[in-house]
Amino acid sequence: MAWDELIEARWTHAKKYGGLFVFGTPTAPVDLRSAVAAAIGRTTDCLPAPARSSFDSSFGFQGMRKWATSLTDPRDRRGWPKLFAEPDARRTALASVVSGLADDGAARRLYAAFLDEAADLLTEPALADIADTYRTLGDRWIAFVDLAGAPEATPADLAERLPELADAEQTAALS
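In short, a report on the structure. What you see is a predicted model, and the numbers here were worked out from it, not measured in a lab.

### Considering the nonpolar core
Most often, soluble globular proteins have nonpolar side chains that are buried together.
Thinking step 1. By size, the foremost hydrophobic cluster in this structure holds 39 residues, and its most contacted members are Ile 40, Leu 115, Leu 127, Tyr 134, Trp 141 and Phe 144.
Thinking step 2. Elements supplying a minimum of two residues to this core: helix H2 (32–46), helix H3 (60–70), helix H5 (87–101), helix H6 (108–122), helix H7 (125–149) and helix H8 (155–173).
Thinking step 3. Setting aside its immediate chain neighbours within four residues, Leu 115 contacts Ile 40, Leu 127, Ile 130, Ala 131 and Tyr 134.

### As for the packing of aromatic side chains
Two measures describe an aromatic ring pair: the distance that separates the ring centres and the angle between the ring planes.
Thinking step 1. In the structure shown here, the tally under the stated rule is five aromatic pairs.
Thinking step 2. Their ring planes at 70 degrees and their centres at 5.7 Å tell us that Trp 67 and Phe 144 sit as a pair that is edge-to-face. Of this pair, Trp 67 sits in helix H3 while Phe 144 sits in helix H7, and the two are 77 residues apart along the sequence.
Thinking step 3. Ring centres 4.9 Å apart and planes at 85 degrees place the aromatic pair Tyr 111 and Tyr 134 in the edge-to-face group. Of this pair, Tyr 111 sits in helix H6 while Tyr 134 sits in helix H7, and the two are 23 residues apart along the sequence. You'll find Tyr 111 and Tyr 134 in the same group, each marked buried.

### Description of H6
Along an α-helix, residues three or four apart share an orientation, since each turn contains 3.6 residues.
Thinking step 1. Helix length check: H6, at 15 residues, gives a terminal C-alpha distance of 20 Å against a target of 21 Å (1.5 Å per residue), a fit within 8%.
Thinking step 2. When H6 is considered as a whole, its buried residues turn out to be Arg 108, Tyr 111, Ala 112, Leu 115, Ala 118, Ala 119 and Leu 122. One face of H6 carries all of its buried residues, which in axial projection span an arc of 120 degrees. Exposed residues lying more than 90 degrees from the buried face of H6 are Leu 110, Glu 117 and Asp 120.
Thinking step 3. Packed against the buried residues of H6 are H2, H7 and H8.

Criteria and cut-off values
- Residues numbered from 1 in each chain as written.
- Predicted model: local features only at pLDDT ≥ 70, side-chain atom pairs only at ≥ 80, totals over all residues.
- Heavy atoms only, no water.
- Core = buried A, V, L, I, M, F, W, Y, C linked by side-chain atoms within 4.5 Å.
- Buried < 20%, exposed > 50% of the residue type's maximum accessible area, 1.4 Å probe, protein only.
- Helix = DSSP H or I, 4+ residues; strand = E, 2+ residues; numbered from the N terminus.
- Contact = heavy atoms within 4.5 Å.
- Phe/Tyr/Trp six-rings, centres within 6.5 Å; stacked < 30°, edge-to-face > 60°.
- Expected span 1.5 Å × (residues − 1).
- Arc of directions from axis to C-beta.

Quick look at the structure:
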C-alpha cells in the first residue's frame, strides 16, 4: 500500500478512532503559544462531552458518574455486580483499576506540570492556580487508587468517592 493510500485508509485527522498524525520536522514555524492554548481548549472541551457518541458516555465527567452507578447497580447487565459477581473476578477488576489509574494520579500531576509551563509561556498566572488544583486532584486519584488496591476494598467503596471526584474534575476543567 502506498503512503497516500495508507493515510486515506486511516481517515487522516478523523475526529474519532483513526486519525493518523505524521511527526517530523515542521514545514513552517510552529506558533507554540497558539498550539498550547489550543491543547488546553481541546482538553477542556472533551471532558464535558468527549465526542458526543453513545460509546463516549464512558469518558469525561459523565463517564465517571456512569462508572459510579455501574459499580453497584445490580440491575445493570454490564454493571460490576453482574460482571464481577465472584470475589476473584471482583479482585481482578479492582486490580485493573489500580493498574489503569496508578500513573501519576491518573495523569493529573502531569497535566498540572503542563499547565505550569503553559502559565509561563502564555503569561497567564491563573493557569498556575489551575495547575495547583490538578495537583490536588492527582492526590485524590492516588488515594482512590490506594483504596482500590486495598484488600478489603469493594466496588461500593469506589462508587462512594467517584461522584465527588467527578464534581471536582468538572469544577477544575471549567475554571
